[in-house]
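# Structural characterization, general
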Amino acid sequence: TGGSLKESKEALAIAETDGRLFCTVGVHPTRCKEFEESGNPEHYFQELVSLAKEGVERGKVVAIGECGLDYDRLQFCPADVQRQYFEKQFELADALRLPMFLHMRAAGKDFCDIIEQNRHRFISGVAHSFTGCAEDRDQLLKFDNLFIGINGCSLKTVENLQVLAGIPLERMMIETDAPYCEIRSTHAGAHYIKSVWSSKKKEKFDPGCTVKNRNEPCFVRQVLEVVAGQRGIEDVGSLAKTLYANTCRVFFPHDLDTMAGVVLGDDCNI
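The model shown is predicted, which means the values in this text are computed figures rather than measured ones.

When pLDDT is averaged along the protein, the result is 93; 95% of the residues meet or exceed 70. Across residues 265-270 the pLDDT falls below 50, and counting only partners more than four positions away or on other chains, this stretch makes nine contacts in the model.

On to helix α6 (residues 134-141), then. Three or more residues of α6 are buried, namely Arg137, Leu140 and Leu141. Projected down its long axis, α6 carries its buried residues within an arc of 95°, all on one side. The inward-facing, buried residues of α6 abut β3 (100-105), α5 (108-117), β4 (125-127), β5 (146-150) and α7 (158-165).

The strand order β1-β2-β3-β4-β5-β6 describes an open sheet built from six strands, whose pairing is parallel. Single-partner strands in this sheet number two, and they are β1 (23-25) and β6 (172-174). Each strand of the sheet is rotated relative to its neighbour by a mean of 35°, with strand direction disregarded. Summarising the sheet, strand β2 (residues 61-70) and β3 pair through six bridges and their orientation is parallel. Within β3, the position partnered with Gly65 by the bridge is Phe101. Sheet strands in contact with helix α8 (residues 220-231) are β5 and β6, and its direction is about 140° off that of β6.

The rules behind the values
- Residues numbered from 1 in each chain as written.
- Predicted model: local features only at pLDDT ≥ 70, side-chain atom pairs only at ≥ 80, totals over all residues.
- Heavy atoms only, no water.
- pLDDT = per-residue confidence, 0-100.
- Contact = heavy atoms within 4.5 Å.
- Buried < 20%, exposed > 50% of the residue type's maximum accessible area, 1.4 Å probe, protein only.
- Helix = DSSP H or I, 4+ residues; strand = E, 2+ residues; numbered from the N terminus.
- Arc of directions from axis to C-beta.
- Pairing = 2+ DSSP bridges.
- Axes fitted to C-alpha atoms, helices over the stretch in contact; angles between N-to-C directions.

Quick look at the structure:
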């Protein structure tokens, strides 16, 4: 995931090391001061445009982001600056006809207002790592081209699970946000988890184990199990197909027929 111009360059370089990897290009809301601190905001933006075009041509950039609003961490970037450059990045999505990888924290109204004003400028997107209330959820669901991304941070409290219950499966994605946002034993949804892996401290790294206290990509299986348990769904494989198809529909539409058949099985490593 790109969080700044520099990180977006690094993300593209990493994606090019393996055929299974893809990336985004964009600026995280807490990093939006970089536009102005660069000394030339328009030049900074044009560098993002050039990088994104290059990545699309190489078949590696599949979305614009991570961009949005984060009012929980205004110490890193003022709200007005966040709003200005969140809206600016719709130009990038529009020019390249790419979906958006979105971030929303404690900013539901302003976020949805900007989405509404620019809904014609992006084809689709996901508000990832969703932690909002039922009202936030319902406002997002009004945009028929937006999905809601669920990870460990979305499953902490009983209220979180109640909000989750109101997200239609056809509008949901699951994710890890690794190495952060793990599902902890204190989380309300933790009792639905069935899959666990051996772990070791990072100082004793073992390729057959996860790293203790670090969220790992394979833990997406746990998110799947919490969603299934909370919704009373016994056929976890079918749920996996639905959610994975949602992901393909937004980020890999040309591969939908092939990729939608993948099930996050017991040996899942993605």
